[in-house]
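# A look at the structure
The chain contents come next:
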Amino acid sequence: MKKFLLALAIFLVPCISLFAKLSVVQLRTENQINPIGMDVKVPRFTWYLESEKRNTLQKAYEIRISTSENFRQMLWTSGKVESDQSVLVEYEGSPLESNTTYFWQVRTWDNHGQSSGWSKTGSFRTGYFDPADWSADWVGLGFEEDENRSSPYFRKEFSSTKKIKSATAYITARGLYQAYLNGEKIGDDYLTPGWTAYQDRIQYQVYDVTDKVKSKNALGVVLGSGWYRGYIGFSGQKNYYGDEISFLMELVLEYADGTKERILSDDSWTCNYGPILSADIYNGEIYDARMEMAGWNKEGFNQTNWKAVQIKDYGYESLVATYNEPIRKQETFKPIEMITTPKGEKVLDFGQNLVGWVQFKVKGKSGDKFRMTHAEILDKDGNFYTENLRAAKAELIYTLKEGEQTYEPHFTFFGFRYIRIDDFEGDIIPEDFTAVALYSDMEKTGEFASSHELINQLQHNIQWGQRGNFLDVPTDCPQRDERLGWTGDAQAFSRTAAYNFNVHSFFTKWLRDLELDQREDGAVPFVIPNVLGKDAAGSAGWADAATIIPWDMYMVYGDRRILEEQYESMVNWVGFMESNSKDHLWNTGFHFGDWLFYRPDDDNDGRAAVTDKYLIAQCFFAHSVQIMIHTAKVLGKEADQKNYEALLKNVKDAFLKEYVTPNGRLVSSTQTAYVLALHFDMLPESMREDAAKRLVENIRSYGVHLTTGFLGTPYLNHVLSRFGYDGLAFELLLREKYPSWLYPVTMGATTIWERWDGIKPNGDVQVPSMNSYNHYAYGAIGDWMYRNLAGIDTDPEHPGYKEFVVKPLLGGGFTHAKGALDTYYGKIVSEWKLDNGQFSLEVQVPVNTRATVYIPSTSSSTVKENNNSISSSQSLKILGEENGYVKVEIGSGIYTFTR
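These figures come from a predicted structure and were not determined experimentally.

## Quick word on the overall build of the protein
Within the protein, the regular secondary structure consists of 15 helices and 48 strands. Taken against the 2.2 N^0.38 rule, which gives 29 Å for 899 residues, the C-alpha radius of gyration of the protein at 29 Å falls within 12% of a compact globule. Taken over the C-alpha atoms alone, the protein extends approximately 90 × 85 × 60 Å along its principal axes. Across the 899 residues in the protein, those meeting the buried criterion constitute 61%. For the protein, the share of sequence-separated contacts (at least 6 apart) that also reach a separation of at least 24 residues comes to 74%. When the accessible surface of the protein is totalled, it reaches about 34,500 Å², and 46% of it is carbon and sulfur. For the protein, the centre of its 93 positive side-chain charges and the centre of its 119 negative side-chain charges are spaced 5 Å apart.

Next comes the structure, spelled out in structure tokens:
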């Protein structure tokens, strides 16, 4: 028996060691896994740890970087660094070189004496650090362009007789491009190079094409007008950034013998027109399959009729690497129904309002045509409805060649749930049509589910509103003749956005465009990139995206650098408000105000919730100054911090003098006025409780419904919860009648609407001049659902979820809620259930983090963890009892609390 036990012990020792093993996973360089084409000279490294042992913290790390995958040629090693930092650790080695692949590993030590050993290898490839790194020419059309602006095709053949070690393609365009090597599309990105402030910078993309290079090769490029020179804005303007399209391309071949060769865009290329007769973002695409040129992008193609190209002298100074995730194909949908409308229209319903295009297979005679038009809804009679698209045609006109063919658009996108097919005599087979969602390839990070099915559908709609509108820039709507990066929508939704998806790189890129388009006096344009002109700038709540979003990104991702890089922009925006105020009262200029607030149809008793626009402006003035105080403190700018603290006092004093009566009533007695005054701490503490009561009275006076617009809605439930009115917050959340978050859900919405009553209760549609059915701003309620109902929230003193709070809110008849969030440290989970009076809360805390957990209970003696009294647990610390919660501190691991 003793021998058996000894043998068993010997067997179990390595098993126990394996069970408790510390490992390093998810290596990221500048927020990305194995990125290609970075021009960041001092990259930052992130990893997260895995360990089954509770309360595990990193105590030290070591990073090593090499240009060889076997790490024989060491570029830099950090040495063993005593630190718990595992997120955004800066490179400290010698300067990196352009167009070079680097490999890196990290190993860590924890507080239990465990070592992870070296991680798996991560990599990153640098782009071009200097304009002098470029050698290619900008290449444009070599003949007079036709009036339809057909898409030009370009080609070049080359030979490669040596053994290839690697092949890297650098590509960009003025306009949009699709590039090919030996007939295969280069990369899985679409609508490249994306949309930036083109007057100052154009992004280039970098692709590894090693497996596509042969001994004899052909390169091909086709161009579209895109945002660069197509119709943009809502005034019929085009050629905003230029009137000619062109591309730039370098293919860098590295041979096994150590030599290099560059295949360049230059005057050796040829060009011609092809089957894309017109391509425009708003209007769609016209395509004639009879004009297809089989093999045009392959070696050996007969290019007798092709023309010489024209070289453009644009230079390279504006070129930057791609910072955010590219647009890629995502989910696909088959039609759920084929409809013949009362008007006799042939309509396919894909069941989801989405952004992208339709792939189709069709068969017919050469010269046959069909027209495909896109729409978000059917009208009350069941007919196809496109009036809300305004001037955007949003259509595809396709001319068939002989036989069966397949097709998808190239340089456009549509916002739609339905398509109508006209002018086609052949059979429409629903199975031959597939809707493809396109959006920036952000990593999905957030999960929310509950016991309430309508709320779950609301969460679905919030996420799909983000998917459809986060298409390289945060657009307001994806379907009509607009699709612009409205700053007000983005700032209202940014915190919710960061729960649903990883938007770190997405907003980093967009904020740089914001700074470039910011006026010299500090005013921030209404839309970014700005295509509305310099006068369209400076509106409160819109321009505050310059301060609010950088701070939100810092809180969510712990990225100090984003504050450093945006600091001047933030300072300039606050400076604009200060310089345009008198005695610190900002009551000048144009403001959108509480956009799309509640307006009853027949307002005979003043029920329209009009909030003084200058009161709103003063609130956001104070809020941005408060953010500057926080930011200056983080960055160690003590003098700035003191100046902003003095400014904040003056701004709030001016607010009290101008907008508050001696008894604490606001001159605009609307929900939005009280919400902003309370959320931004505009009132002395002695006035806040009464102000919260007035807010509640206002809500109840409307029969318990909200009246807020774009600026008040994001904070409404947060304010109610803060001041002890959780029950009312639940009532607003769960209201199903107009106006409410759930009203569109009950009307069949699959995304968030622009207006509370985009479709009225009687089935009539709102004014077609401004009525989008995919408009994410009101989806900002998702932030309250995550942070309160599920209970996952940041700790302001430890940004990026290094330390965080779990405080679930019970009520509203909910019996279950779950929130999950993938952070740079790992997954956080908060899931609670109520079952026959029994409460359970499961919390997952990533390694190298800590959480403060609030367990709904009036006494710690009633709370158990893993069926044991928490008072006897060695894994947690009881912090006390607070407002109906038992408060505990826990480290990494999975915990199940019950009472």
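Text resumes after the structure shown.
## Focus: the sheet that holds strand β39 (residues 803-806)
Strand order across the open sheet formed by five strands is β38-β39-β43-β47-β46, with mixed pairing between neighbours. Every interior strand has two partners, whereas the edge strands, β38 (792-794) and β46 (876-882), have only one. Direction aside, neighbouring strands of the sheet carry axes that sit 25° apart on average.

## What to know about the packing of aromatic side chains
A ring pair, where both rings are aromatic, is described by two values, the distance of the centres and the angle of the planes. In this structure the tally under the stated criterion is 76 aromatic pairs. Taking 6.0 Å as the distance between ring centres and 45° as the angle between the ring planes, the aromatic pair formed by Tyr 598 and Tyr 738 counts as tilted. Within this pair, whereas Tyr 598 is found in the loop between α7 (560-579) and α8 (613-634), its partner Tyr 738 is found in the loop between α13 (726-734) and α14 (742-746), the two being separated by 140 residues in sequence. On the basis of relative accessibility, which here comes to 12%, the residue Tyr 598 falls in the buried class. Put simply, the rings of Tyr 287, Phe 360, Phe 370, Tyr 398, Tyr 407, Phe 424 and Phe 433 touch in pairs and so form one group of aromatic residues. If you follow Arg 64 out to its NZ or CZ, it ends over the ring of Phe 71, 4.6 Å from the centre.

## Side note on the pattern of salt bridges
One pass over the structure, following the stated rule, counts 51 salt bridges. Across the salt bridge formed by Arg 480 and Glu 754, the nearest N and O atoms sit 2.9 Å from each other. Linking Arg 480 in the loop between β37 (473-474) and α4 (487-500) with Glu 754 in the loop between α14 and α15 (781-790), this pair joins segments that are 274 residues apart in sequence. Here Glu 754 falls in the buried class, since its relative accessible area comes to 2%. Through salt bridges with shared partners, one network takes in Arg 390, Asp 476, Arg 480, Asp 481, Glu 482 and Glu 754.

## Some points on the nonpolar core
Soluble globular proteins: nonpolar side chains tend toward being buried together. By size, the foremost hydrophobic cluster in this structure holds 222 residues, and its most contacted members are Leu 458, Val 503 and Phe 897. Here this core gets twelve residues from one element, more than from any other, and that element is α8. Judged by nonpolar contacts, the second largest core, of 29 residues, contains Phe 158, Ala 179, Phe 247 and Cys 271.

## Observations regarding the packing of helix α10 (residues 671-679) against helix α12 (residues 713-722)
At a minimum axis separation of 9 Å, α10 and α12 run at an interaxial angle of 60°. Classified by the angle their axes make, α10 and α12 are oblique. Here α10 and α12 pass one another in a crossing that is left-handed. Contacts between α10 and α12 involve Gln 671, Val 675, Leu 676, Leu 678 and His 679 from the first element and Tyr 715, Leu 716, His 718, Val 719 and Arg 722 from the second. Residue classes in the contact of α10 with α12 are distributed as six nonpolar, three polar and one charged.

## Details of the sheet that holds strand β48 (residues 893-898)
Taking strand neighbours across the sheet as the criterion, the seven strands line up as β35-β40-β41-β42-β48-β44-β45 in an open arrangement whose pairing is antiparallel. Across the chains shown, the open sheet's two edge strands, defined by having one partner strand only, are β35 (446-450) and β45 (868-869). One ladder, built from eight bridges, connects strand β40 (residues 816-823) with strand β41 (residues 826-835); its direction is antiparallel. In the strand pairing of β41, Leu 821 is matched with Ile 828.

## Notes on the packing of helix α3 (residues 453-469) against α15
For the pair α3 and α15, interaxial distance at closest approach is 10 Å and the crossing angle is 125°. Classified by the interaxial angle, the pair formed by α3 and α15 is oblique. In terms of crossing hand, the pair formed by α3 and α15 is left-handed. Mapping the contact onto sequence places Ile 455, Leu 458, Gln 459, Ile 462 and Gln 463 in α3 and Ile 781, Gly 782, Met 785 and Tyr 786 in α15.

## Overview of unusual backbone geometry
Residues Thr 192 and Pro 193 are joined by a peptide bond in cis, for which omega reads 10°. Turning to its location among the elements, Pro 193 is positioned in the loop between β14 (184-185) and β15 (202-208). Cis geometry marks the peptide bond from Tyr 738 to Pro 739; its omega dihedral reads -5°. Locating Pro 739 in the fold gives a position in the loop between α13 and α14. Positive phi outside glycine occurs at Leu 596, with the angle close to 60°. Here the phi dihedral of Asn 848 falls at roughly 75°; this positive angle occurs in a residue that is not glycine.

## Focus on the confidence of the model for the protein
Regions with low pLDDT carry predicted coordinates that are not meant to be interpreted in detail. In the predicted model, the protein carries a mean pLDDT of 96, and the fraction of residues at 70 or more is 98%. Low confidence marks residues 1-19, where pLDDT is under 50. Its contacts with residues over four positions away, or in another chain, come to one contact.

## A look at a negative patch on the surface
Together, Asp 601, Asp 602, Asp 603 and Asp 605 give the surface a local cluster of negative charge. Residue position: Asp 605 is located in the loop between α7 and α8.

## Digging into α7
Between its first and last C-alpha atoms α7 spans 28 Å; for 20 residues at 1.5 Å apiece the expected length is 28 Å, and the two agree. Where α7 bends most, at Gln 566, the angle is about 55°. Those residues of α7 that sit buried are Arg 561, Ile 562, Leu 563, Gln 566, Tyr 567, Ser 569, Met 570, Trp 573, Val 574, Phe 576 and Met 577. At the N-terminal end of α7, a side-chain oxygen is found 2.9 Å from the backbone nitrogen of Arg 561, two or three residues along, and the residue is Asp 559.

## Let's talk about the environment of Thr 386
Here Thr 386 shows up in the loop between β30 (384-385) and β31 (395-399). Using a relative accessible area of 29% as the deciding quantity, one classes Thr 386 as partly exposed. C-alpha separation for the pair Thr 386 and Glu 376, spaced ten residues apart in sequence, amounts to 7.8 Å. Excluding anything up to four places from it in sequence, Thr 386 contacts Thr 373, His 374 and Ala 375.

## Details of the side chain of Thr 100
Note on placement: Thr 100 falls in the loop between β7 (89-90) and β8 (101-110). At 2.8 Å, the side chain of Thr 100 forms a polar contact with the backbone oxygen of Ser 98. In contact with Thr 100, not counting residues within four places along its chain, are Thr 67, Phe 124, Arg 125 and Thr 126.

## Let's talk about the pairing of β8
Of all ten residues in β8, eight are buried, a share of seventy percent or more. Sheet analysis places strand β4 (residues 58-66) next to β8, joined by eight bridges and oriented antiparallel. When the sheet's bridge partners are listed, Tyr 61 is paired in β8 with Thr 108. As paired elements, β8 and strand β9 (residues 122-126) share four bridges and run antiparallel to each other. Residue pairing across strands places Phe 103 opposite Ser 123, the latter belonging to β9.

## Thoughts on helix α5 (residues 504-517)
Taking 1.5 Å of rise per residue, 14 residues should cover 20 Å, and α5 covers 20 Å from first to last C-alpha, within 8% of that figure. Counted residue by residue, α5 has twelve buried out of 14 residues, so it is predominantly covered. Looking only at α5, the buried set comprises His 504, Ser 505, Phe 506, Phe 507, Thr 508, Lys 509, Trp 510, Leu 511, Arg 512, Asp 513, Leu 514 and Asp 517.

## Description of the environment of Leu 514
Topologically, Leu 514 is positioned in helix α5. Sequence separation between Leu 514 and Asn 883 is 369 residues; the distance between their C-alpha atoms is 43 Å. If we ignore the near neighbours within four places in the chain, the residues touching Leu 514 are Thr 487, Val 524, Ile 528, Ala 545, Ala 546 and Ser 569.

The rules behind each value
Residue numbers restart at each chain and count upward from 1, following the sequence in its written direction. Totals for whole chains, interfaces and linings use all residues, but because this is a predicted model, local features are given only for residues with pLDDT of at least 70 and pairs of side-chain atoms are given and counted only at 80 or more. The side-chain values count all of the structure's non-hydrogen atoms but skip hydrogen atoms and water molecules. To qualify as a helix, a DSSP run of H or I must reach at least 4 residues; to qualify as a strand, a run of E must reach at least 2; elements of each kind are numbered from the N terminus. To get the radius of gyration, use the C-alpha atoms; to get the globule rule, take the number of residues to the power 0.38 and multiply by 2.2 Å. Three exposure classes are used, based on accessible area relative to the maximum for each residue type with a 1.4 Å probe and protein chains only: buried under 20%, partly exposed in between, and exposed over 50%. Throughout, a residue-residue contact means that at least one pair of heavy atoms, one from each residue, lies within 4.5 Å. Surface accessibility in these figures is a Shrake-Rupley result with a 1.4 Å probe; residues are shielded only by whichever protein chains are displayed. As used throughout, the charge tally considers Lys and Arg to be positive and Asp and Glu to be negative, leaving His and the chain termini uncounted. Throughout, a charge is located at the NZ atom of Lys, the CZ atom of Arg, the CG atom of Asp or the CD atom of Glu. When DSSP locates at least two bridges between a pair of strands, those strands are taken to pair. Only the stretch in contact is used when fitting a helix axis, every axis being a line fitted to C-alpha atoms; angles between N-to-C directions are given from 0 to 180 degrees. Any two rings among Phe, Tyr and Trp, with Trp reduced to its six-membered ring, count as a pair given centres within 6.5 Å; such a pair is stacked if its planes are under 30 degrees apart, edge-to-face if over 60, and tilted if neither. Throughout this description, the term charge over a ring refers to an Arg CZ or Lys NZ atom that lies within 6 Å of the ring centre and within 35 degrees of the ring normal. Salt bridge, as applied in this entry: a Lys or Arg side-chain nitrogen positioned within 4 Å of an Asp or Glu carboxyl oxygen. Within this scheme, the nonpolar core is defined by two criteria: the residues are buried Ala, Val, Leu, Ile, Met, Phe, Trp, Tyr or Cys, and they are joined through side-chain atoms within 4.5 Å. Relative orientations are named as follows: roughly parallel for angles under 35 degrees, roughly antiparallel for angles over 145 degrees, roughly perpendicular for angles from 65 to 115 degrees, and oblique for any other angle. Here is the rule for handedness: rotate from the far helix to the near one, and if that takes an anticlockwise turn smaller than a right angle the crossing is left-handed, while a clockwise turn gives right-handed. Under the scheme applied, nonpolar residues are Ala, Val, Leu, Ile, Met, Phe, Trp, Tyr, Cys and Pro; charged residues are Asp, Glu, Lys and Arg; polar residues are all the others, including Gly. The predictor reports its confidence for every residue as pLDDT, a score running from 0 up to 100. For patches, a residue must show more than 30% relative accessible area and have no salt bridge; joins then use 9 Å for like charges and 5 Å for nonpolar side chains, namely Val, Leu, Ile, Met, Phe, Trp and Tyr. In this scheme, a helix's expected span is set at 1.5 Å multiplied by one less than its residue total. Here the bend at a residue means the angle between the axes of two seven-residue stretches, the one that ends at it and the one that starts at it. What qualifies as a polar contact is a pair of N or O atoms within 3.5 Å, subject to a donor-acceptor requirement within protein and to the restriction that residues adjacent in sequence count only when both atoms come from side chains.

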